[in-house]
Amino acid sequence: MKDSVAEEHLYLDFSHQYRDTIFPLHTSVSLFLLSYCDCKLFKIFLVPSGEDPDDQLVTKNFLVDLEVHLISRHQLPVVVQSCCLPAVVVKDGKFCRAGLSVVLRHIIQKTYEADPSKKDVLELLGFKKTCLKACAEVSQWTRLCEISIPLAVEEFLAASPEHCQAVPPDILQLETKLGEPVRVHNDDKIRRQKLQQQKAVAKAAVPLLGKAAASEEGKPVEMHELPSLELSIAFSKLLDKEVSDAVNREAPHIRRTKTSDLPLLDHVFAEGLYFTLADIVLLPCIHQFLVSSKNQGKNLVNLPLISSWYRRVQEVPGVKKAAGKCNMELLQLPDLTSAPKEQLQEFSSVPDELEEENEDSHFIGGPRPTMTKLMENGVEAKFSPHPCPSWTLDWTSLPSAVNPGEGKMSRDRALRKQQQLNNLVAAVTKLAKPGDVIVDFCSGGGHVGIVLAHMMPSCQVVLIENKELSLVRAKDRSDELGLNNIWFIQANLDYFNGTFNIGVALHACGVATDMVIEHCIKARAAFVISPCCYGFIQNTVKFKYPQSHQFKEILSYKEHMILCRFADQTAVQLPPERRLIGMNFCSCCVNYLGKQCMGLVDLDRAWAAEEHNYSVQVISMEPESCSPKNNMLVGIPM
């Protein structure tokens, strides 16, 4: 055990208590993970929504083995007040991690760092340590675990028995997920082992069946089915045991079997064969749903896979002990037969309207018909003149930690990055005034935010980034510079709810640009954004394209996606299958068309923002060679 791990403060929402659970469910999930990991590294604060919580009831009756403190919302560190809970903050109050998945992953990592013998805890992060790493804005699985199911269960519990539906759609969606084939690293080898096991079981069953048929008197011969290969592999890993050599060795005819003829793998746990953080998140939620359903006398016949999963999770070492610490009285459920698949088909993993619109993700044909259609309706890409095309920072006089060239990028790339920063910093400088809060969304390693914090000491700068390593590097650079006007928040964009004056983003990928604009509009903040990855734009739960009233009247979703896909193309970047689209154009024409498509996509964004009483300009960075994605949107609330 390492003794040098610094204490961090963990802040959790506390709305109410119901039976054996503290709400919201995000708080119960966080406390359950702490108990499972036996983690005492954090000082835990509950932040009540009411004015007069019962301190004794919370601490004594509901949190066995965990010491907690109550704190009012106005006593929270300032950086935490800008975030949705749960949140973790270090002692200096500059670095905050917010959002359920980010916080849970941090708890796991800190537990392992403090005690490297807890390898089972680190295994919760899954293969390549990516479990629930993708943000909920882009990952349907993260969204289901982190947001949809906790909210669905809370709404289910809050509804009166006569008004609550039998099974919320999000729960049925999980049931469907558990019935899908499992894909794991090296699954070809495991599927061959499964085929070998199936053939061995079938071969052993033949003489037993003959004996049973020949036995006219007495009891028939019992046939005990072997545990599934998936179960053997899953629990061998949990118990740190090797799967038997008999299972590992493959017969020659098994090795020759085509991959398409191999049996598919079944779920053991939520993400497949192995117990992960996803199971930790789902257990308190599904437990509450099952307890309430049982008390209401509801039939769970449509949830055989969830019921099997719930029973199986209880067999994982440490789960029952952690549940006991959190006063979760786990249920003993009977075996249920599988429900017909057609009963669950209507609850597919993708909402119907999104599945319909996104079913053709590979569009054939170039952008000219779509551009012509827009031109016939008087719509063309419009670029405003650059307000200060020759403005530049004096990079030679700045400290090395401010300069992006001090990183691991090449000299040419560092020069282009400096040119990009010149454009954004120039635009922000014209908008900012002393005392403003400037938020650098999707900040990465902090190239934009650190320059702004250094150049504008009278402004508070906030860096928001989902990737921990990038943000840690940014904080190291900030510490080297001794900046006191900068905060760091590791979180998905949706978990930031603070007020600010200017939002900035350099190369926000795909839909992230629209999320940044949405945040700025809600805060009535100005924005300076350079979009990127237009080809990743697609309809989501929150955004539908095109966005502006003018574009909606002219273009369909598919036509708009053609613009987005081609906005990502240059002559050099075109893959072979896409070169057919531009084969009649020279490289200059392809670049021109790509630039025009970028301009049209950003014009739609600008007009959509103007519908919210903003003045927006689409500007080309100077020089345009600083990046293939050289558009810049500058928006000011009217």
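Heads up: the structure comes first, above all this text.
Everything numeric in this text was worked out from a predicted model, so none of it was measured. (Residues numbered from 1 in each chain as written. Predicted model: local features only at pLDDT ≥ 70, side-chain atom pairs only at ≥ 80, totals over all residues. Heavy atoms only, no water.)

*Asks:* I keep staring at the overall build of the protein chain and nothing clicks. Help me out?
*Replies:* A count of helices and strands for the protein chain gives 24 helices and 14 strands. Put simply, the protein chain has 638 residues, and 53% of those count as buried. For the protein chain, contacts bridging at least 24 residues in sequence account for 75% of all contacts bridging at least 6. Of the roughly 30,300 Å² of accessible surface on the protein chain, 52% is carried by carbon and sulfur atoms. (Helix = DSSP H or I, 4+ residues; strand = E, 2+ residues; numbered from the N terminus. Buried < 20%, exposed > 50% of the residue type's maximum accessible area, 1.4 Å probe, protein only. Contact = heavy atoms within 4.5 Å. Areas by Shrake-Rupley, 256 points an atom, 1.4 Å probe, with all protein chains shown as cover.)

*Asks:* What am I meant to see in the sheet that holds strand β12 (residues 526–532) here?
*Replies:* In a beta sheet, neighbouring strands pair by backbone hydrogen bonds and run either parallel or antiparallel. Taken in spatial order, the twelve strands of this open sheet run β5-β4-β1-β6-β7-β10-β9-β8-β11-β12-β14-β13, and their pairing is mixed. Unpaired on one side and paired on the other, β5 (68–70) and β13 (614–620) mark the two borders of the sheet. Recorded for the sheet is a direction-independent mean angle of 20 degrees between the axes of neighbouring strands. Where β13 lies against strand β14 (residues 631–637), seven bridges are found, and the strand directions are antiparallel. Paired with S615 across the two strands is I636, which belongs to β14. Packing of helix α18 (residues 447–455) onto the sheet brings it into contact with β8 (437–441), β9 (460–465), β10 (486–490) and β11 (502–509), and relative to β9 it is tilted by some 170 degrees. (Pairing = 2+ DSSP bridges. Axes fitted to C-alpha atoms, helices over the stretch in contact; angles between N-to-C directions.)

*Asks:* Before we go on, may I ask you to explain the packing of helix α12 (residues 277–295) against helix α13 (residues 304–314) in this structure?
*Replies:* Two packed helices can be described by the angle between their axes and the distance between those axes. One way to put it is that α12 packs onto α13 with a least axis distance of 11 Å and a crossing angle of 115 degrees. Where α12 crosses over α13, the handedness of that crossing is left-handed. The segment α12 lies against α13, with D279, L282, L283, I286, H287 and L290 engaging I306, W309, Y310 and V313. A class-by-class count of the residues in the contact of α12 with α13 yields eight nonpolar, one polar and one charged. (Left-handed = near helix turned anticlockwise from the far one by under 90°. Nonpolar A, V, L, I, M, F, W, Y, C, P; charged D, E, K, R; others polar.)

*Asks:* Where do I start with helix α22 (residues 557–567) in this structure?
*Replies:* Every α-helix winds through 3.6 residues per turn, so residues three or four apart in the chain are directed the same way. For α22, the tally of buried residues reaches ten of eleven residues, placing the bulk of the element in the interior. Listing the buried residues of α22 in full gives Y557, E559, H560, M561, I562, L563, C564, R565, F566 and A567.

*Asks:* Quick question: what am I supposed to make of the environment of H454 here?
*Replies:* One can find H454 in helix α18. Classification of H454 by relative accessible area gives partly exposed; the value is 27%. As for H454 and N484, which are separated by 30 residues in sequence, their C-alpha atoms are 9.5 Å apart. In this structure H454 touches L398, P399, V402 and L483, once residues within four positions along its chain are discounted.

*Asks:* How do you make sense of the pairing of β14 when you look at a structure like this?
*Replies:* Walk down a regular strand and you will see the side chains alternate between the two sheet faces. The buried fraction of β14 amounts to five of the seven residues, a majority that puts the element mostly inside the structure. Summarising the sheet, β12 and β14 pair through three bridges and their orientation is antiparallel. Its bridge partner lying in β14, I529 is registered against L633.

*Asks:* How should the pattern of salt bridges be read in this particular structure?
*Replies:* Side-chain pairing between opposite charges can occur once the charged atoms of the two side chains come close. If you walk through the whole model with that rule in mind, you get 14 salt bridges. Put simply, D13 and R73 hold a salt bridge, and the shortest N to O gap is 2.8 Å. Highlighted residues: D13 in strand β1 (residues 8–14) and R73 in the loop between β5 and α3 (78–81), separated in sequence by 60 residues. Take D13: its relative accessible area is 21%, and that puts it in the partly exposed class. As a salt-bridge pair, R605 and D602 come within 3.0 Å of each other at their nearest N and O atoms. (Salt bridge = Lys/Arg side-chain N within 4 Å of Asp/Glu carboxyl O.)

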